[in-house]
Each structure stands twice: as structure tokens, then as C-alpha cells.
Amino acid sequence: MIVVRNLHKKFGNLEVLKGINCHVKEKEVVCIIGPSGSGKSTFLRCLNRLEEPTSGEIIIDNIPVTGDKANVNLIRQEVGMVFQRFNLFPHLTALENIMLAPMKVRKKSRKEAKEIAEELLAKIGLTDKKDAYPEQLSGGQQQRVAIARALAMKPKVMLFDEPTSSLDPEVVGEVLNVMKTLAKEGMTMIVVTHEMGFAREVGDRVIFMDDGCFLEEGTPDEIFNNPKYERTRAFLSKIL
Amino acid sequence: MRWDFIIEIFPKLLRASVLTLELTIAGISIGIVIGLIASLMRISGIKLFSVIAKIYVDFFRGTPLLVQIAIIHYALPVIFDYVPVAIVSGVIALGINSGAYVAEIFRAGIQSIDKGQMEAARSLGMTWGQAMRYIILPQAFKVSIPPLGNEFIALLKDSSLVSIIAVEELMTTGRLIMGKTPLVAEIWFSVAMLYLVMTSTIAVLVNYVERRLQIGDSSQKSA
């Protein structure tokens, strides 16, 4: 589903990604953990070219993402993204937030888009908030709407960039539950997270990222219970 | 004060005020269109476009409107050999001049929108143009309303400058009446009052629109 070969990203002289290789299968849930500044978010943002990779190759669903000929807008339709700070559109209601991209990008009729949006709102349990503006929603509700907004494009892959890091602790669960449901339904997901419980429970594979490299990867059991590297162990001991 | 004289010239001044208002509205309308285009060119990331937009903005903000009016009404007709019409020259001068200020207002408005908004829109597969149109500009426009109101008021006052090319708006009409009577104070205080009434009315209207838009923002509703 996703193939990454020798991906490098430099900001000026600072090398943030130092040759990443990665292969994600369909329906796989990959969790990326690691200290801040290790390049987790940058890696994720390269996958839909919100960051321009310096070199390397990315292929998603057999479509090349990198290279001059790549149609970025087409790839982004297949790759949903959820941001740490939600980034809902404040001038639109929850329903309109979800409807906009299907209408403007997928060229669905207003009626079709509304059906998609209402179905998704029901799924995330926010049907009664459909006419609310983002400001009127709690952080957890906003993030659930943001997930629904991405899902409305019927993407093949979902990228989550620390989706619970700016949430109050008591609403983290409701967002993780939506993500768990999604994983169970077979969505291919890459999740950058600090929620080790989620990574352990839902992740098919956990990658420990450090200093621009994938230092160690394996099943949650291997990474959390039997890490090979001292760096991984040190990180986990601090965070668990 | 000769109140009877004021009452006598009042209808004439009122008609001239209508022309002042029309000139200003035409000017700001052109200004908004040009300003929108120039601000988008400026932030487009395309070097040629942004340089052209910057030169335009710098020229029209950096030279006096009075000189711009003279260039448009006197200099350009000589260069391109045509007969200028005063009111057209006036509207064009006001429009191009305000466009430069409006461009900066929109640019500031667009840049004040969190960059996560553009990223979220693009991540959904929208093109830059779609993201601008549906996500960034509606928000930027709302932020821009108070400074646009100020620009409208400034332009209304600056429209008095077109009196040098004899467009018969409020200022010119005042001068024409002055030529026929010694009652100078009556004329100019009346003219000033009419300008004041127009600018105050616009200020109230802008305020009203601003408050109405905030309701859509929901901050009032949830309170």
C-alpha cells in the first residue's frame, strides 16, 4: 500500500529525515513513537507532500507521490490526514466541514455530500452537533469531526499526526475509540502518537523513531516488552 | 450665519454629495477587485506576479493621489492621444489608488489566517485556488472588514481631490458657489458637515456589518 525508499528531508542544513525505508501493507495499523524532534511528524507530512521531500521515493497505492509528474491533489484525495490542532474550518458548521471536500473535490452533489456527512456524524456520535461551529465544540468533539472530515473523502490511507496531544486527558478516550473502530474496519493507518496504550492495543506494528531514523520496529509486544536498543528502552522507561 | 443662504444652497450641495458617494463607491469597488487580485499575486509564490504586485502597491501608496489624478487625466491622454472624461479619470484614479491600500489589507488578512487552515484544505485534495476561495478568503475577508471600512472613509475624504479635474462633486460644487458670493463660511461649514454625515454613516454601517458577521462566528451564540 505504502512504499517509502531512502527518504531524506533537510530543512536548510538540518537533516530531519536520514534515509527512511518503510513498507506498509493494506489494512495495517502502524504506530510511530519516539522523542519530539525525531522527525515523526515530518515523515508523516512527507507522505502527502505537505512537506517536500529532499530526496527519495514514496509510492502510495501504486501511485508515485514524489517526482515532478506526481499529481499531488490526486494523491491527497486518497490519503486522509488528522492534525494535532484539528484545523477545522471555523467559518463552517460541523456538517459543512465534512461536506466541503466531497462536493468541491469529488464533485458530489450537495445531497450526496450531506448523506455522507450525516452518516459519518452518526458514526462518531455527533449527530446532534451537526449545526455547531467548531468553537462551540470541545477539543475531543472537534477532533472527531476532523476525523470525519478526512473520512468523507473515502481515503485509502489515514495519517494521524499526534491526534490526541492537544486534548484534555478526559476526552482523549473518545478520539482513540473512533480510531480503534476505524482500525477494526480495516483502514490502513499510520499514527504518530504518544499514547502507548493505543499503540500496544491497536498497532499491528510499532516503529521507534530517533534522530531521523527508524531505529527499531516490530510488533507492539517486541517493542514494548523486549526492545533491542538501549535508546528505545530509555525512551520507553521515561514515558511508561 | 446666514441660515437662509445655507438652506438655499443645500439642495445643490446634497446633489453633489450624492456624486461624491457614487465616486467613492465606484472607486472602492474597483479597489476591492484590484486589491484582491494584487494581494493574491503578492502571496502566490510566483516571483514575477509578486514583484508586479509590489511595484503597483509601492507606487500608488508612495505617491500623492493628487499627482496620480493629474497623471491619469493629463499625462496619459497626451501619451496615448485620447480625450479624457473627467469623471472617468476620477473614478479610475480613486479605484487604482484604493486598490493599492486594499491589497495590503487583504494581504494582512490572508496572512493572519492560521497556516493549518491551508494545510487542512490541501490535505483534503483541494487545489490552492479552491483552498483560497472556500477556506482562506472567507475568513480573511471577515478580518478585513474593519480596515476596509476605514479605507472606505479615507477614500470618501480623498475623493475631494478630484475637484482639480473639475468633477462636480461636493468640493468642486463648494468652490463654484464660492465664486458667486461672499458667504464663504456658510459654504465650507456646510460642505464639512455633509462630509461628516457621510463618513459617520459609513462608520455606523461598517460597525453593524462587523457585529452581524461575528454572530455567524458563533462566539456570541455559545455565550
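All values derive from a computational prediction rather than experimental measurement.

(A) The arrangement of the packing of helix H3 (residues 94-104) of chain A against helix H5 (residues 139-151) of chain A in detail. Residue and element names in this part refer to chain A. Close contact between H3 and H5 brings their axes to 8 Å; oriented N to C, the two are set at 25 degrees. With respect to each other, H3 and H5 are oriented roughly parallel. Crossing of H3 over H5 shows right-handed handedness. Contacts between H3 and H5 pair Ala94, Asn97 and Ile98 from the former with Val145, Ala148 and Arg149 from the latter. Broken down by class, the residue content of the contact of H3 with H5 amounts to 4 nonpolar, 1 polar and 1 charged.

(B) Up close: the side chain of threonine 188 of chain A. Residues and elements named next belong to chain A. Here threonine 188 is to be found in strand E8 (residues 188-192). A distance of 2.8 Å separates a polar atom in the side chain of threonine 188 from the backbone nitrogen of lysine 27. If near-sequence neighbours (up to four positions away) are discounted, threonine 188 is found in contact with Met1, Val24, Lys25, Glu26, Lys27, Glu28, Lys156, Val157 and Met158.

(C) Geometry of the nonpolar core. Residue and element names in this part refer to chain A. Judged by nonpolar contacts, the single largest core of 51 residues is most densely connected at Ile33, Ile147, Met158, Phe160, Met179 and Met189. Sorting elements by how many residues they give to this core places helix H6 (residues 169-184) first, with 8 residues. Discounting chain neighbours no more than four positions away, the residues touching methionine 158 are Gly80, Val82, Ile147, Ala150, Leu151, Leu182, Met187, Thr188, Met189 and Ile190.

(D) Geometry of the sheet that holds strand E5 (residues 63-64) of chain A. Residue and element names in this part refer to chain A. The 4 strands lie next to each other as E2-E1-E4-E5, forming an open sheet whose pairing is antiparallel. Every other strand in the sheet has two partners, leaving strand E2 (14-24) and E5 as the edge strands with one partner each. As paired strands, strand E1 (residues 2-11) and E2 are joined by 8 bridges and run antiparallel to one another. Note that in E2 the partner of lysine 9 across the bridge is leucine 17. Across the sheet, helix H1 (residues 40-47) touches E1, E2 and strand E4 (55-60), and the angle it forms with E1 is around 120 degrees.

(E) Representation of the interface of chain A and chain B. Contacts between the two partners involve 26 residues from chain A and, on the opposite side, 23 residues from chain B. Both sides of the chain A and chain B interface together cover about 2,100 Å² of buried area, and 55% of this is carbon and sulfur. Linking chain A to chain B there are 2 salt bridges. Between arginine 85 of chain A and aspartate 114 of chain B there is a salt bridge, with the nearest N and O atoms lying 2.9 Å from each other. Across the contact surface, chain A and chain B share 8 residue pairs in polar contact (both at pLDDT 80 or more). Only helix H2 (72-78), strand E6 (79-82), H3 and H5 of chain A provide two or more residues apiece to the side of chain A that touches chain B. Considering only residue class, the side of chain A that touches chain B consists of 13 nonpolar, 6 polar and 7 charged.

(F) Here's a closer look at the sheet that holds E6 of chain A. Residues and elements named next belong to chain A. On the basis of which strands lie adjacent, the open sheet formed by 6 strands has the order E6-E7-E8-E3-E9-E10 and mixed pairing. Edge positions in the sheet fall to E6 and strand E10 (213-218), since each of these pairs with one other strand and no more. Averaged over neighbouring strand pairs, the angle between their axes works out to 20 degrees when direction is ignored. As paired strands, strand E3 (residues 29-33) and E8 are joined by 4 bridges and run parallel to one another. The residue bridging valine 29 from the neighbouring strand is methionine 189, located in E8.

(G) A look at helix H9 (residues 230-239) of chain A. Residue and element names in this part refer to chain A. Among the residues making up H9, those that are buried are Thr232, Phe235 and Leu236. Considered in projection along H9, the buried side chains sweep an arc of 95 degrees and stay on one side of the axis. The exposed residues of H9 that point more than 90 degrees off its buried face are Glu230, Ser237 and Lys238.

(H) Layout of the pattern of salt bridges. Under the counting rule described, the total for this entry stands at 23 salt bridges over all chains. Residue arginine 144 of chain A pairs with glutamate 174 of chain A through a salt bridge whose shortest N-O separation is 2.5 Å. Of this pair, arginine 144 of chain A sits in helix H5 while glutamate 174 of chain A is found in helix H6, placing the two residues 30 residues apart along the sequence. Ionic pairing is found between arginine 42 of chain B and glutamate 104 of chain B, a salt bridge with its closest N-O pair at 3.4 Å. In this pair, arginine 42 of chain B is assigned in helix H1 (residues 3-43) and glutamate 104 of chain B in helix H4 (residues 86-111), connecting sequence segments 62 residues apart. Note on glutamate 104 of chain B: relative accessible area 18%, which makes it buried. A cluster of three or more residues bridged by salt bridges with shared partners is formed by Asp61, Glu78, Arg106 and Lys156 of chain A.

(I) Region of interest: the environment of arginine 42 of chain B. Residue and element names in this part refer to chain B. As for arginine 42 and proline 64, which are separated by 22 residues in sequence, their C-alpha atoms are 23 Å apart. Other than its neighbours up to four places away in sequence, arginine 42 contacts Ser50, Ala53, Lys54, Glu104 and Arg107. Of the polar contacts made by the side chain of arginine 42, one reaches the side chain of glutamate 104; its length is 3.4 Å.

(J) Quick peek at the pairing of E3 of chain A. Residues and elements named next belong to chain A. Burial of E3 is extensive: 5 of the 5 residues sit out of reach of the surface. Summarising the sheet, E3 and strand E9 (residues 205-210) pair through 4 bridges and their orientation is parallel. Considered in E9, the bridge of isoleucine 33 is made with phenylalanine 208.

Reading the values: the criteria
Residues numbered from 1 in each chain as written. Chains lettered and ligands numbered in written order. Predicted model: local features only at pLDDT ≥ 70, side-chain atom pairs only at ≥ 80, totals over all residues. Heavy atoms only, no water. Axes fitted to C-alpha atoms, helices over the stretch in contact; angles between N-to-C directions. Helix = DSSP H or I, 4+ residues; strand = E, 2+ residues; numbered from the N terminus. Parallel < 35°, antiparallel > 145°, perpendicular 65-115°, else oblique. Left-handed = near helix turned anticlockwise from the far one by under 90°. Contact = heavy atoms within 4.5 Å. Nonpolar A, V, L, I, M, F, W, Y, C, P; charged D, E, K, R; others polar. Polar contact = N/O pair within 3.5 Å; in protein donor to acceptor, adjacent residues only side chain to side chain. Core = buried A, V, L, I, M, F, W, Y, C linked by side-chain atoms within 4.5 Å. Buried < 20%, exposed > 50% of the residue type's maximum accessible area, 1.4 Å probe, protein only. Pairing = 2+ DSSP bridges. Buried area = accessible area lost by both parts, 1.4 Å probe. Salt bridge = Lys/Arg side-chain N within 4 Å of Asp/Glu carboxyl O. Arc of directions from axis to C-beta.

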